[in-house]
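Structural features, examined
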Amino acid sequence: MIIRSLVLCAASGLALTACATSEPVCRPAEMGERAAFGALVAHDEARLAQLMAQGPGAERVRALDPRVEAQIFGVRMGDAAVRTVLMQPPLCVVDGPESNGERISYVFPQARFQALQNPDLEGLERGRPGLDSIACRYQQGPDGWRLSDACLQTFAPVASSS
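Computed from a prediction, not measured in an experiment: that's the story for all the values here.

Take the nonpolar core next. The biggest cluster of nonpolar side chains holds 28 residues, and the ones touching the most others in it are Phe-37, Leu-48 and Ile-72. The set of elements that each furnish at least two residues to this core consists of α3 (31-41), α4 (45-51), α5 (56-62), α6 (66-73), α7 (82-86), β1 (91-99) and β3 (134-141). Of the residues forming this core, the biggest block, four residues, is contributed by α3. In this structure, Phe-37 is in contact with Ala-29, Leu-86, Leu-91, Val-107, Cys-136 and Tyr-138, ignoring residues within four places of it in sequence. Membership of the second largest hydrophobic core comes to eight residues, among which are Val-94, Ile-104, Tyr-106 and Phe-108.

This part covers the state of the cysteines. Following the criterion strictly, the structure yields two disulfides and no others. Between Cys-26 and Cys-92 runs a disulfide, and the two sulfur atoms are separated by 1.8 Å. With Cys-26 in the loop between α2 (16-20) and α3 and Cys-92 in strand β1, the pair connects residues that are 66 residues apart, well separated along the chain.

So, on to the packing of aromatic side chains. All chains considered together, the criterion is met by one aromatic pair. Geometrically, the ring pair formed by Phe-108 and Phe-113 is edge-to-face, given 5.3 Å between the ring centres and 65 degrees between the ring planes. One exposure class covers both Phe-108 and Phe-113, and it is buried. We note Arg-103 situated over the ring of Tyr-138; from NZ or CZ to the ring centre the distance is 4.7 Å.

A few words on α6. Within α6, burial applies to Val-68, Gln-71, Ile-72 and Phe-73. Around the axis of α6, the buried residues are gathered within 170 degrees of arc, so they sit on the same side. Pointing more than 90 degrees away from the buried face of α6 are the exposed residues Pro-66 and Arg-67. Downstream of α6 by one or two residues, Gly-74 has phi in the positive range, about 75 degrees.

Next up on the list: the layout of surface pockets. Put simply, the second largest pocket is a space of about 220 Å³. Along the wall of the second largest pocket there are 14 residues; nearest its centre are Gly-32, Glu-33, Leu-51, Trp-145 and Arg-146. Sorting the residues of the lining of the second largest pocket by element identifies α3 and β4 (144-147) as the ones contributing at least two each. Broken down by element, the lining of the second largest pocket gets its largest block of residues, five residues, from α3.

Attention now goes to the pairing of β1. Here β1 pairs with strand β2 (residues 102-109) via seven bridges, running antiparallel. Paired with Leu-91 across the two strands is Pro-109, which belongs to β2. In this structure, the hairpin formed by β1 and β2 is closed by a connection of two residues, where Asn-100 is found at a positive phi of approximately 55 degrees.

An order of β1-β2-β3-β4 is seen for the four strands of this open sheet, with the pairing classed as antiparallel. Of all the strands in the sheet, the pair left with one neighbour each is β1 and β4. Averaged over all adjacent pairs, the angle separating strand axes in this sheet is 35 degrees, with direction ignored. Docked against the sheet, α3 engages β1, β2, β3 and β4, running at close to 130 degrees with respect to β3.

Reading the values: the criteria
- Residues numbered from 1 in each chain as written.
- Predicted model: local features only at pLDDT ≥ 70, side-chain atom pairs only at ≥ 80, totals over all residues.
- Heavy atoms only, no water.
- Core = buried A, V, L, I, M, F, W, Y, C linked by side-chain atoms within 4.5 Å.
- Buried < 20%, exposed > 50% of the residue type's maximum accessible area, 1.4 Å probe, protein only.
- Helix = DSSP H or I, 4+ residues; strand = E, 2+ residues; numbered from the N terminus.
- Contact = heavy atoms within 4.5 Å.
- Disulfide = S-S within 2.5 Å.
- Phe/Tyr/Trp six-rings, centres within 6.5 Å; stacked < 30°, edge-to-face > 60°.
- Lys NZ or Arg CZ within 6 Å of the ring centre and 35° of its normal.
- Arc of directions from axis to C-beta.
- 1 Å grid on protein atoms, 1.4 Å probe; cavity = no way out; pocket = protein on both sides within 12 Å on 5 of 7 lines; lining within 4 Å.
- Points joined across faces, edges and corners; volume = space filled by probe spheres on them.
- Pairing = 2+ DSSP bridges.
- Axes fitted to C-alpha atoms, helices over the stretch in contact; angles between N-to-C directions.

This is a description of form; function is not addressed.
And the structure:
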C-alpha cells in the first residue's frame, strides 16, 4: 500500500516527501520497545517499571491500583487492555510527532493496522482503544526513547477537533 503510493507520487512528478507523509508508516518495534512490551505481556510490573523512564508513570506501575492494573493487564482474556493488543504479534508501531522530548506512538497487531487503514481517508485510523491499538507515551532520555506511561495513554479521553 505504501509502496504503491510512493510509485504513484513519483510517477506524477510530485515531491516524494509530500506524498510519503499522507499515509501512516508502520514499523516493527525496536529492541527497547520489545523489552517493555515483553514485560507487559509477562505481567512483570517490576521489570516494566525498571525499563520505563523515571517519573510518575513508573511509580504508578509499581503501586498498581486495581483500575490501572485492569487497563494495563486486563482481568481476563479479551478485555480492552494494553496487554490484549500486545499479545497479537507481529506488532506494528506508528510514531506520532515529537514535542519537547516526548512523543506518543500507536501500537497495533499488524493485521489490524492493515485492516483499519483506509487509503481514501487521511491520517491514522486507530480503531477501538485496547482492542485494535494502544497509545504509548515515550520520553527522550540520554539512552534513547523510554516508555513513560505503560501505555495508559490508550484510555485517555480523545480531545475534540472542533
